[in-house]
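# Commentary on secondary and tertiary structure
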Amino acid sequence: ASWHLMMSLTPSRGCLLDLPWEDILVPHILCHLPLQQLLSLQRVSKSFQSLIQLYLANMRCFDSSQIGPAIPRAAFVNLLKDNEVLQQLALQNCSDWLTDRELLPVIGQNHHLHQIQLKGCAQLSRHALVAISLSCPNLRRLSLAHCEWVDSLSLRSLADHCKALEAVDLTACRQLKDEAICYLVQKCSRLKSLSLAVNANVGDVAVEETAKCCPELEHLDLTGCLRVKNDSIRVLAEYCPKLRSLKVKHCHNVAESSLSILRSRGVELDVEPPLQRALVLLQDVVGFAPFINLQI
């Protein structure tokens, strides 16, 4: 299929490969093909292999999910060995084998990265985050969800060197406590999106400091943060006028008395008002939603 697609782009005279590679083929043609098809084209001929290698060396975005359900370790290393211009790196399908040994060379030679996705990459270590902080000063978005190796020292390194961060996902980074989160938000005051979900060590101190340090905050995920209480939600409402969504499901100490302030401002919440919740439960029990005269 890839071969027929490429041949359909061949000029009526001459060969496709006669077109300027860096000026035409790489930026205007190859960029529209799925990565998996590009890798298949390497087997067509030595010339195509050279062309694809040139493309890989100039690729701005690498997403492992485009290759398939799994990418071999050796393939990953070979694909990115010559690339020094990456801007986005997403490695969702590499958790079974990705370690510091494979990741650190890629990070070390790509200083223009502004978006990194490492969700679920459990075999990395704190050295990976330190390397990211030292090599990627322009980083804007970082997902470390379910990376339990993230600790307070590596997060401090990130905060010290990546102050332009706008979105950080620390879901289930269970080593982190209030102190580490406070340090992050104090240094990275441009944050617009932050997830602290599924972390029983995070409480009011971290939420209040986030509210006071990050006035641009738009999205905050506190799902399952059992130590968060009403007081910090009120501080959030006071200091974050741009807040658009807040997740507090399973935060059993957060009540409607604090959420109603945000609800009245149109902030999207993941918990229903008490009356609506009661009606849903009642409908589940009796099989219909009763008419209730709220004026009584």
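A short tour of the structure in this document, coming up. (Residues numbered from 1 in each chain as written. Predicted model: local features only at pLDDT ≥ 70, side-chain atom pairs only at ≥ 80, totals over all residues. Heavy atoms only, no water.)

## Here we look at the overall build of the protein chain
The line we're drawing: Think of it this way: any DSSP run of H or I at least four residues long counts as a helix, any run of E at least two long counts as a strand, and we number them from the N terminus. The contact rule is simple, with two residues in contact once any of their heavy atoms fall within 4.5 Å. Under the convention used here, a 1.4 Å probe and the Shrake-Rupley method define accessible areas, while residue burial counts only the protein chains that appear.
Each helix and strand in the protein chain was counted, giving 13 helices and nine strands. Once local pairs closer than 6 in sequence are excluded, the contacts in the protein chain between residues at least 24 apart make up 71%. Accessible surface computed for the protein chain: about 15,100 Å², of which carbon and sulfur atoms make up 51%.

## Side note on the pattern of salt bridges
What counts here: Here, a salt bridge means any side-chain nitrogen of Lys or Arg that lies within 4 Å of a carboxyl oxygen of Asp or Glu. Each residue is placed in one exposure class: buried if its accessible area under a 1.4 Å probe, protein chains only, is under 20% of its type's maximum, exposed if it is over 50%, and partly exposed if it falls in between.
Summed over all chains, the structure comprises eleven salt bridges. One salt bridge in this structure joins Arg244 and Glu218, with 3.3 Å as the shortest N-O distance. Placement of Arg244 in the loop between α11 (230-239) and β8 (245-247) and of Glu218 in the loop between α10 (204-213) and β7 (219-221) is noted, with a sequence separation of 26 residues between them. For Asp231, the salt bridge goes to Arg234, with nearest N and O atoms at 3.4 Å. Of the two residues, Asp231 and Arg234 both sit in helix α11, three residues apart, roughly one turn of that helix. On the basis of relative accessible area, Asp231 is assigned to the partly exposed category, the value being 49%.

## Considering the side chain of Asn230
Cut-off, in case you're wondering: Side-chain atoms alone can form a polar contact between residues adjacent in sequence; in general such a contact is a pair of N or O atoms within 3.5 Å, and within protein one must be able to donate a hydrogen while the other accepts it.
Residue placement: Asn230 occurs in helix α11. A distance of 2.7 Å separates the side chain of Asn230 from the side chain of Ser258, its partner in a polar contact. If we ignore the near neighbours within four places in the chain, the residues touching Asn230 are Asn253, Val254, Ala255, Ser257 and Ser258.

## Digging into the side chain of Asp100
Going by this rule: In summary, the charge assignment counts Lys and Arg as positive and Asp and Glu as negative, without counting His or the chain termini.
Within the fold, Asp100 resides in helix α6 (residues 100-108). Salt bridges are absent for the buried Asp100, whose nearest opposite-charge side chain, Arg126, sits at 9.0 Å. Separated by 2.3 Å, the side chains of Asp100 and Ser125 make a polar contact. Apart from residues lying up to four places away in sequence, Asp100 is in contact with Pro105, Leu124, Ser125, His127 and Ala128.

## Things to note about the nonpolar core
Note the cut-off: Throughout this description, the term nonpolar core refers to a set of buried Ala, Val, Leu, Ile, Met, Phe, Trp, Tyr and Cys residues connected via side-chain atoms within 4.5 Å. What counts as a domain boundary in this text is fixed by an automatic or database domain assignment.
Phe62, Leu89, Leu144, Leu170, Leu222 and Leu246 are the most contacted members of the largest nonpolar core, which totals 84 residues. The dominant element in this core, judged by the number of residues it contributes, is helix α9 (residues 178-187), at five residues. A domain-level breakdown of this core finds at least three residues from each of domain 1 (21-58) and domain 2 (60-282). For Leu144, the residues in contact, after removing those within four places along its chain, are Leu118, Leu129, Trp149, Val150, Asp169, Leu170, Thr171 and Cys173.

## Thoughts on helix α4 (residues 46-57)
Convention followed: In a helix, the anticipated span is given by 1.5 Å times the number of residues less one.
End to end, α4 covers 17 Å across twelve residues, agreeing with the expected 16 Å (1.5 Å per residue, within 8%). Taken together, the buried positions of α4 are occupied by Phe48, Leu51, Ile52, Tyr55, Leu56 and Ala57.

## Overview of the environment of Cys121
Topologically, Cys121 is positioned in the loop between β3 (115-117) and α7 (126-135). Among the residues examined, Cys121 registers a relative accessible area of 0% and is labelled buried. The contacts of Cys121, once residues within four sequence positions are left out, are Leu91, Ser95, Leu98, Cys147 and Trp149.

## Quick look at the packing of aromatic side chains
Put simply, the rule reads: Stacked, tilted and edge-to-face are the three classes applied to pairs of Phe, Tyr and Trp rings, where Trp contributes its six-membered ring and a pair requires centres within 6.5 Å; stacked means planes under 30 degrees apart, edge-to-face means over 60, and tilted covers the rest.
Tallying each qualifying case throughout the model produces two aromatic pairs. When the ring of Phe76 is compared with that of Trp97, the centres are 5.5 Å apart and the planes differ by 55 degrees; the resulting orientation is tilted. Residue Phe76 is found in helix α5 (residues 73-80), and its partner Trp97 is found in the loop between β2 (88-90) and α6; the two are separated by 21 residues along the sequence. The same class applies to Phe76 as to Trp97, namely buried.

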